[in-house]
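A structural walkthrough
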Amino acid sequence: MKPRTLTYIKAAVFIACLLPLARAAYIVISGMQVNPIEFITRSTGTWTLVMLLLSLSITPLRKLTGLNELIKFRRMLGLFAFFYVALHFTTYIWLDQAFDVAAVLKDIVKRPFITVGFAAFILLIPLAITSTDAMLRRLKRNWGKLHKLVYLIAPLSVLHYIWLVKKDLTQPLIYAGVLTVLLGLRIWWRWQPRKG
Ligand code: HEM
């Protein structure tokens, strides 16, 4: 693929990743939602999970299609996951909890879905910080080891969703199924005997 084509596709993917935020902002500003705080919390949470799973789908897609350029999108998708979780957490701590640190800490300790969501958020921070080329060069082999944390972050995120849902588990279980396939493929490939 020509470098210029790749740049255009990257720009298009970048804009596409911002569309959920633009949509949410439009819905809130136009007063279409009776409970805007709940809506923003849910929307940013959903898009964190989607971005996380999309970034995890790059390696399997690359293997299955042979399109090696796909790797160029993994970092962007991972950083968008962090962007949406930062908005998600900010909405919760600011609009939902009004910066009541004691109440937030109590929530983190007492409500299991908040505990695991918070753990996933904290674990994403070092991945976002070390996502630059300079950090990749500096950390060398440890970079890969550190970024394996995503295999813990993603299940914690799905667990967060499963635990917060009170009645219909369909949606979180769909995400759980997608994650199982994405991680399952990796395990499967790892256990395949090497050719040659
Ligand atoms: C990687 C980390 C996280 C992911 C992937 C994530 C994902 C989600 C998802 C998918 C939802 C439900 C959306 C829906 O109902 O359609 C949600 C809701 C929620 N999340 Fe998170 N979340 C994360 C971290 C956090 C953190 C750090 C907090 C707060 C400390 C938090 C607090 C909440 C709350 C309060 C709700 C709404 C619960 C409700 O409506 O009853 N999440 N999150």
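Scroll up for the structure.
This report concerns the structure included in the present document. Chains are numbered independently. Their residues run from 1 in the order of the written sequence. In keeping with the model being predicted, local features are shown solely for residues with a pLDDT of at least 70 and side-chain atom pairs are shown and tallied solely at 80 or more, while totals for entire chains, interfaces and linings include all residues. Based on all heavy atoms of the structure, the side-chain values leave hydrogens and waters out of the count.

**Here's the deal with the pattern of salt bridges**
Salt bridges are identified by distance alone: a Lys or Arg side-chain nitrogen within 4 Å of an Asp or Glu carboxyl oxygen. If you walk through the whole model with that rule in mind, you get 3 salt bridges. A salt bridge links Glu38 to Arg42, with the shortest nitrogen-to-oxygen separation between them at 3.6 Å. Placement of both Glu38 and Arg42 in helix α2 (residues 36-65) is noted, with a separation of 4 residues, approximately one turn of the helix. With a 1.4 Å probe rolled over the protein chains alone, any residue whose accessible area is under 20% of its type maximum counts as buried; one over 50% counts as exposed, and the rest are partly exposed. Assessed through its relative accessible area of 53%, Arg42 is described here as exposed. Here Asp107 makes a salt bridge to Arg111, at a shortest N to O gap of 3.2 Å. Judged by relative accessible area, Asp107 falls into the buried class, the value being 11%. The way it works is that DSSP assigns letters per residue, a run of H or I at least four long becomes a helix, a run of E at least two long becomes a strand, and they are numbered from the N terminus.

**Regarding the coordination of the iron atom of the ligand**
Donor atoms are limited to N, O and S found within 2.8 Å of the metal ion, a distance that becomes 3.2 Å for Na, K and Ca. With water left out, some sites might look partial. Within the protein, His88 (NE2) and His160 (NE2) serve as the donor atoms for the iron atom of the ligand, at 2.0 Å. Donor angles set the geometry label: tetrahedral for four donors if every angle is between 85 and 135 degrees, square planar for four and octahedral for six if opposite donors exceed 155 degrees and the others are between 65 and 115, irregular for anything else. Note that the iron atom of the ligand binds 6 donor atoms; their angles at the metal cover 87 to 179°, and the shape is octahedral. Pair noted here: His88 is in helix α3 (residues 74-96) and His160 is in helix α8 (residues 150-164), with a separation of 72 residues, a long-range link. The exposure classification of His88 matches that of His160, with both residues buried.

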